[in-house]
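Chain residues, written in single-letter form:
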Amino acid sequence: MKFLDLFKKYGVVFILVILVVIFTILNPAFLTGRNMINISKQIAVMAILSVGMTFVLLTGGIELSMGSGVSLVVVCISMFVTQAKLPVWVSMLLAMVIATGIGFLNGVIIAEIKVPPLIMTLGMQIFLYGFTYTLCGGLPVYGIPDSLKWIGQTYIAGVIPVSALIMVIIILAGYFILSKTYLGRYFYAIGSNEDAANLSGINSNRIRILAYTFCGFLVGIAGIVMLGRIGSGQPSAGDGYEMDVLTGCVLGGVSLNGGKGNIGKAFAGILVIGVLSNGMSMAGMSPFMQKMVKGLVLIFAVILDSLQYVKVRKKVKIIA
């Protein structure tokens, strides 16, 4: 179990260093300032979503509908602006309200009706993908104004992407909530031992609903950043993002069993996924091979998480 302890502390850093070395050998252009900036743009959406996923995972839940939620936000804003002729800021606000509402609905049904999070969010994922494609007829929505594109395509001082700056602000906000406030402790408490949390006066249902609602809010922000990056209302914009985010979070040490993890390590896991995706693309690997590798990484991360959980249960038995 010493390996598990070492991996828990430094594993993500080791993996990141190894990947950087391998991809730099395969393609020297990988370790350049330009490509590092590209990676920061590529992981911005995932990193924003990872903050929401971390909050949900800490409560012992899971969120599989965030990718489809991003697609819905992208298409909604595009249609609001180009077809309904609404102002950009109104379109963005309405889309964020929709995304937040979906998160709230997920939370209420999971917390109050006790529907398993996996089933609820998977069902919502399927519904949202179908609804999004129906909404736009399965075709991209073009004609997006430049005022929407600047979020994903503009640089501050010609170097720092606006999307990366938004990513950093969201990460810092999530870190502050979880590590510096009483509210943040509540998310850990109900994920570690919900019964004990309830006995101490914490309303676990309310905290769980809050986690999913906050996650929905971040889906809205991620959708806006995504739209700015791709510049059109693509109904497939968020395809697969939920699994990349989940892989990054678990790889970074956020436990699927709840109560363990933090924003910093989750971001480190997302950085690994971003470096892996970018490096494989630069190395000329096919999209199908890339999916295989990402699947193996997810399996590896879940196995390590499960082994740590088994270790904890054995200790509990010994104490008992």
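Residues numbered from 1 in each chain as written. Predicted model: local features only at pLDDT ≥ 70, side-chain atom pairs only at ≥ 80, totals over all residues. Heavy atoms only, no water.

## Some details on the overall build of the chain
Within the chain, the secondary structure is distributed over 13 helices and two strands. On C-alpha atoms alone, the chain measures out to a radius of gyration of 20 Å, which is about the 20 Å that the 2.2 N^0.38 rule sets for 320 residues. For the chain, the spread of C-alpha atoms along the three principal axes comes to 65 × 50 × 35 Å. Within the span of the chain, comprising 320 residues, buried residues form 48% of the whole. For the chain, the proportion of contacts with a sequence separation of at least 24, taken over those separated by at least 6, is 78%. Total accessible area computed for the chain in this model is approximately 15,100 Å², and 71% of it derives from carbon and sulfur atoms. A gap of 9 Å separates the mean positions of the 22 positive and 10 negative side-chain charges of the chain. (Helix = DSSP H or I, 4+ residues; strand = E, 2+ residues; numbered from the N terminus. Rg over C-alpha atoms; globule rule 2.2 N^0.38 Å. Buried < 20%, exposed > 50% of the residue type's maximum accessible area, 1.4 Å probe, protein only. Contact = heavy atoms within 4.5 Å. Areas by Shrake-Rupley, 256 points an atom, 1.4 Å probe, with all protein chains shown as cover. Lys, Arg positive; Asp, Glu negative; His and termini not counted. Charge placed at Lys NZ, Arg CZ, Asp CG, Glu CD.)

## Digging into unusual backbone geometry
Positive phi, close to 60°, is recorded for K85, a residue that is not glycine. Checked against the element boundaries, K85 lands in the loop between α3 (66–82) and α4 (88–112). Under the relative-accessibility criterion, K85 is labelled exposed at 64%.

## Things to note about the packing of aromatic side chains
By the definition in use, this model includes four aromatic pairs. Measuring from ring centre to ring centre gives 5.0 Å for F55 and F187, while their planes differ by 80°; the resulting arrangement is edge-to-face. Placement of F55 in helix α2 (residues 33–58) and of F187 in helix α8 (residues 182–192) is noted, with a sequence separation of 132 residues between them. Residue classification places F55 among the buried residues on the basis of a relative accessible area of 1%. On the basis of relative accessible area, F187 is assigned to the buried category, the value being 1%. When the centroid spacing of 5.9 Å and the interplanar angle of 20° are considered together, the rings of F127 and F131 count as stacked. On the criterion of helical spacing, the pair formed by F127 and F131 is a turn pair, its members being four residues apart in helix α5 (residues 117–136). Exposure remark for F131: the relative accessible area of 38% places this residue in the partly exposed category. (Phe/Tyr/Trp six-rings, centres within 6.5 Å; stacked < 30°, edge-to-face > 60°.)

## Some thoughts on the environment of L58
Looking at the element boundaries, L58 is found in helix α2. The spatial distance from the C-alpha of L58 to the C-alpha of I169 is 21 Å, given a sequence separation of 111 residues. When residues no more than four places from it in sequence are discounted, the contact partners of L58 are L178, F187, Y188, G191, G258, G259, K260 and G261.

## Here we look at the pattern of salt bridges
For the structure shown, the criterion picks out two salt bridges. Linking R208 and E194 is a salt bridge whose minimum nitrogen-to-oxygen distance equals 3.3 Å. In this pair, R208 is assigned in helix α10 (residues 204–230) and E194 in helix α9 (residues 194–199), connecting sequence segments 14 residues apart. Note that D244 and K294 form a salt bridge whose closest N and O atoms lie 3.4 Å from each other. Taken as a pair, D244 in helix α11 (residues 241–251) and K294 in helix α13 (residues 287–319) lie far apart in primary sequence, 50 residues in all. D244 gets classed as buried once you look at its relative accessible area, which sits at 16%. (Salt bridge = Lys/Arg side-chain N within 4 Å of Asp/Glu carboxyl O.)

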